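Chain by chain, the residues run as shown.
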Amino acid sequence: MRSASKEKNKTKIIIVVKVIPQYLKVFTINFANGNHSEKIVNLLQQADNKMNFQQSELSVIDQLKHIKRQSVKKNHQSQRMGCCLATDPAHDEIEKRMNVEHKKDDKERKLLLLGIGASGKSTIFKNLKRSQGVVMIEPRVAVQTAWVIRQTLIELMTKLLVKSRTFYEMDKEKNADCLIEETTETVEYIKLLLKNSEFTFGENVEPSEEDLVALGNAISFLWKLPAVKATFARRGKFAFEDNMEYFFERAKTVMHPKFLPTEEEVLKARVRTTGAVTYTYTQQDTTFLITDVGGQRSERRKWITHFDNVSGVIFVTALNHYNCVLFEDEQQNAMHEAVRLFTEYANIQEFHKAGLRKTALRCKKKKKKYYILPKKKKKKDEEQWNGIDYEPREDPEQDQIHFKQCSDQAIEFIQTLFVTRNTVKERLIYCHVTCATDQDNIKTVFLDVQNIIIRSNLKNGGLIP
Ligand SMILES: Nc1nc2c(ncn2[C@@H]2O[C@H](COP(=O)(O)OP(=O)(O)OP(=O)(O)O)[C@@H](O)[C@H]2O)c(=O)[nH]1
Ligand SMILES: [Mg+2]
């Protein structure tokens, strides 16, 4: 039996896989983030920061550690320069504060949300806050989110039009369905859209009410074009945001001057995270600090500042990413990037005191043709998908059974891709398959996460076997 001291401070890796409900019908989706103006994103982030809960960039202990490191560095530099500075007076004070904070830290459990961009971290984070009773949309946030959605609609419709042309030019026979038929109405609407796609809404540029309504009509019309739909079906080949189908269908409503998004729509809208946000809440006498970080490549170098004393890592990965490319690099498959990232971070020194106990998987019924890693593209270190590919069956009952078989196999395959990357034998890894936009689902996942952490605290303290 392992001693309690050895068990102490174990980091748990919990993989949460997001599931896209609309997958009943559609193909894969990816985000095309970076399209919103930085200003809107910043404004939103600021507004989000002001919501009524505790959050900060770094925990106090992290900040103190940083100050201490700076102070030690300064001392070393002084000594190298021949100065006989015994100790920095600030040093003792920092040590004292660190001891106090460490004691406090003992009662706090730090959870870290990691994963590639658009994997669903912030959606889970927002949903967790919502389940804790935090009001998600203050009037100002709602107005700003409305502009983000409108801008995204214009930009992504423009992208679809451009890609329609690219696909058609690339292979006129194979991509014949991407050719946009030229009619006076189509040309007029495209012109209107392109004229407005040059603006960044929010930077003192707000179209008139008439222009907004006209834009809504244009997007709604263009969305119905078969060529646009055909290009949309090929969106696994270029970076494209999640949930856009929902907003395209409602283009006229979204472009209405009085439109304000509902909570569900705020969850569906894509706002890239820059930096990190921490939310503190208490459950069963334990204080949890959960940190959401930006997942795009440029954001990941900031992660290291959050690794101290982490009790649990929630690694989020999106099931639809098996057929998506990265926004940062359209040549890179998003699922491959997620597996690589998990391998890198699951085995880093900071999370080394971890163990593997069991893998729990919960799954919702989904209808989707799964072919995760194209066989021809298999690389040396990648597992090959040998499961059954989903082909719709005529008989609904048979179809359901067949689908269940396919989806179970595919989920197990993805799960294995991650779990087998763990090289620390005793680490605990739990897998949940959930839908990040579904509040009840996320509530259950977090209840499980909290229970795991609380149980392991009691175990470490010798209170339970
Ligand atoms: N339908 C559906 N959409 C989801 C789910 N999870 C996330 N999304 C959508 O995916 C998009 C990206 O989600 P985010 O939560 O912003 O992703 P992120 O991991 O925080 O991305 P970064 O901040 O760039 O690291 C948003 O439009 C979400 O609404 C899910 O389970 N189902
Ligand atoms: Mg985010």
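Model, not experiment: these values are computed from the prediction. (Residues numbered from 1 in each chain as written. Chains lettered and ligands numbered in written order. Predicted model: local features only at pLDDT ≥ 70, side-chain atom pairs only at ≥ 80, totals over all residues. Heavy atoms only, no water.)

A few words on the overall build of the protein chain. The helix and strand tally for the protein chain stands at 16 helices and six strands. Counting every position in the protein chain, which comprises 465 residues, the buried fraction comes to 52%. With an accessible surface of roughly 23100 Å², the protein chain has 52% of that area assigned to carbon and sulfur atoms. (Helix = DSSP H or I, 4+ residues; strand = E, 2+ residues; numbered from the N terminus. Buried < 20%, exposed > 50% of the residue type's maximum accessible area, 1.4 Å probe, protein only. Areas by Shrake-Rupley, 256 points an atom, 1.4 Å probe, with all protein chains shown as cover.)

Each regular strand carries side chains that alternate between the two faces of the sheet. For strand 2 (residues 108-114), the tally of buried residues reaches seven of seven residues, placing the bulk of the element in the interior. Residues Glu 108, Lys 110, Leu 112 and Leu 114 point to one face of strand 2 and Arg 109, Leu 111 and Leu 113 to the other, with burial holding for every one of them. Where strand 2 meets strand 4 (residues 286-293), six bridges bridge the pair, whose relative direction is parallel. Looking at the pairing, Lys 110 lines up with Leu 289 of strand 4. In this sheet, strand 5 (residues 310-318) lies alongside strand 2 in parallel orientation, the contact comprising five bridges. When the bridges of strand 5 are listed, Leu 112 appears paired with Val 313. (Pairing = 2+ DSSP bridges.)

Looking at the metal site, the magnesium ion (ligand 2) is ligated by Ser 122 (OG) and Thr 273 (OG1), spaced 2.0 Å from it. Linking Ser 122 in helix 5 (residues 121-131) with Thr 273 in the loop between helix 12 (263-268) and strand 3 (276-283), this pair joins segments that are 151 residues apart in sequence. (Donors = N, O, S within 2.8 Å, 3.2 Å for Na, K, Ca; no water.)

Moving on, we come to the UniProt feature "binding site: Mg(2+)" (unreviewed entry) in the protein chain. With numbering matched to this structure, UniProt assigns "binding site: Mg(2+)" (unreviewed entry) to Ser 122 and Thr 273. Of the residues just listed, which span 152 residues, no C-alpha pair is farther apart than 7.5 Å, and they cluster in one region. You can call Ser 122 buried: its relative accessible area is 15%. Residues contacting Ser 122, with those up to four places away along its chain left out, are Thr 273 and Asp 292. For Thr 273, the side chain forms a polar contact with the side chain of Ser 122, separated by 2.7 Å. (UniProt positions renumbered as here; feature names shortened; annotations may be inferred. Contact = heavy atoms within 4.5 Å. Polar contact = N/O pair within 3.5 Å; in protein donor to acceptor, adjacent residues only side chain to side chain.)

Once that is clear, we can look at the site of ligand 1. In the neighbourhood of ligand 1, 27 residues make up the surrounding shell, with Lys 121, Thr 123, Leu 267, Gly 295 and Ala 436 lying closest. The separation between an oxygen atom of ligand 1 and a polar side-chain atom of Thr 123 is 2.5 Å. At 2.9 Å from an oxygen atom of ligand 1 is found a side-chain nitrogen or oxygen belonging to Asn 243. Protein chains shield 99% of the accessible area of ligand 1, which is 640 Å² for the free molecule. Secondary structure elements with two or more residues in the shell around ligand 1: helix 5 and helix 12. Considering each element in turn, the shell around ligand 1 owes the most residues, three residues, to helix 5. (Near = heavy atom within 4 Å.)

This paragraph deals with unusual backbone geometry. Of note in this structure, Ala 118 is not a glycine but carries a positive phi near 65°. Residue placement: Ala 118 occurs in the loop between strand 2 and helix 5. The exposure class assigned to Ala 118 is buried, which follows from its relative accessible area of 10%. You will see that Asn 243, though not glycine, has its phi angle at about 65°, which is positive. By the element assignment, Asn 243 lies in the loop between helix 9 (226-232) and helix 10 (244-249).

Let us look at helix 8 (residues 209-223). Owing to its 3.6 residues per turn, the α-helix aligns residues three or four sequence positions apart on the same side. Along its 15 residues, helix 8 runs 21 Å from first to last C-alpha, staying within 8% of the 21 Å computed at 1.5 Å per residue. Listed in full, the buried residues belonging to helix 8 are Leu 212, Leu 215, Gly 216, Ala 218, Ile 219, Ser 220, Leu 222 and Trp 223. Buried-residue contacts for helix 8 involve helix 6 (139-170), helix 7 (184-197), helix 9, helix 10 and helix 11 (251-254). (Expected span 1.5 Å × (residues − 1).)

This paragraph deals with the packing of aromatic side chains. Per the counting criterion, the structure on display carries 16 aromatic pairs. Ring centres 6.4 Å apart and planes at 85° place the aromatic pair Phe 125 and Tyr 279 in the edge-to-face group. Here Phe 125 is found in helix 5, whereas its partner Tyr 279 is found in strand 3, with 154 residues between them in sequence. Of the two residues, Phe 125 and Tyr 279, neither departs from the other in class, the shared state being buried. Three or more aromatic residues joined by ring pairs form one cluster here, namely Phe 167, Trp 223, Phe 232, Phe 238, Phe 240 and Phe 248. One Lys or Arg, Lys 229, reaches over the ring of Trp 223 and ends 4.8 Å from the middle of that ring. It is Arg 250 that lies over the ring of Tyr 246; its NZ or CZ is 3.7 Å from the centre. (Phe/Tyr/Trp six-rings, centres within 6.5 Å; stacked < 30°, edge-to-face > 60°. Lys NZ or Arg CZ within 6 Å of the ring centre and 35° of its normal.)

Okay, the packing of helix 6 against helix 8 next. With their axes 11 Å apart at the nearest point, helix 6 and helix 8 run at an angle of 40° to one another. Viewed along their axes, helix 6 and helix 8 adopt a mutual orientation that is oblique. Pair helix 6 / helix 8 crosses with left-handed handedness. Side by side, helix 6 and helix 8 meet where Trp 147, Arg 150, Leu 153, Ile 154, Met 157, Leu 160 and Leu 161 of the first sit next to Leu 212, Leu 215, Ile 219, Leu 222 and Trp 223 of the second. In terms of residue class, the contact of helix 6 with helix 8 is made up of eleven nonpolar, no polar and one charged. (Axes fitted to C-alpha atoms, helices over the stretch in contact; angles between N-to-C directions. Parallel < 35°, antiparallel > 145°, perpendicular 65-115°, else oblique. Left-handed = near helix turned anticlockwise from the far one by under 90°. Nonpolar A, V, L, I, M, F, W, Y, C, P; charged D, E, K, R; others polar.)

Bringing the pattern of salt bridges into the picture now. Enumeration over the complete set of coordinates arrives at ten salt bridges. Among the ionic pairs, Glu 337 bridges to Arg 300, the shortest N-O distance being 3.0 Å. Within this pair, whereas Glu 337 is found in helix 14 (residues 334-346), its partner Arg 300 is found in helix 13 (residues 297-300), the two being separated by 37 residues in sequence. Residue classification places Glu 337 among the buried positions, given a relative accessible area of 6%. One connected set of salt bridges, linked through shared partners, spans Arg 297, Arg 300, Glu 328, Asp 329 and Glu 337. (Salt bridge = Lys/Arg side-chain N within 4 Å of Asp/Glu carboxyl O.)

Within the fold, Asn 347 resides in the loop between helix 14 and helix 15 (396-419). Considering only alpha carbons, one finds Asn 347 and Thr 423, 76 residues apart in sequence, at a separation of 6.6 Å.

Grouped together as the largest cluster of nonpolar side chains are 34 residues, with contacts concentrated most on Leu 114, Trp 303, Phe 307 and Phe 418. Elements with a contribution of two residues or more to this core: strand 2, strand 5, helix 14, helix 15 and strand 6 (429-434). With eight residues, helix 14 is the largest single contributor of residues to this core. Core analysis: the second largest hydrophobic core is formed by 33 residues, Tyr 168, Leu 193, Val 254 and Met 255 among them. (Core = buried A, V, L, I, M, F, W, Y, C linked by side-chain atoms within 4.5 Å.)

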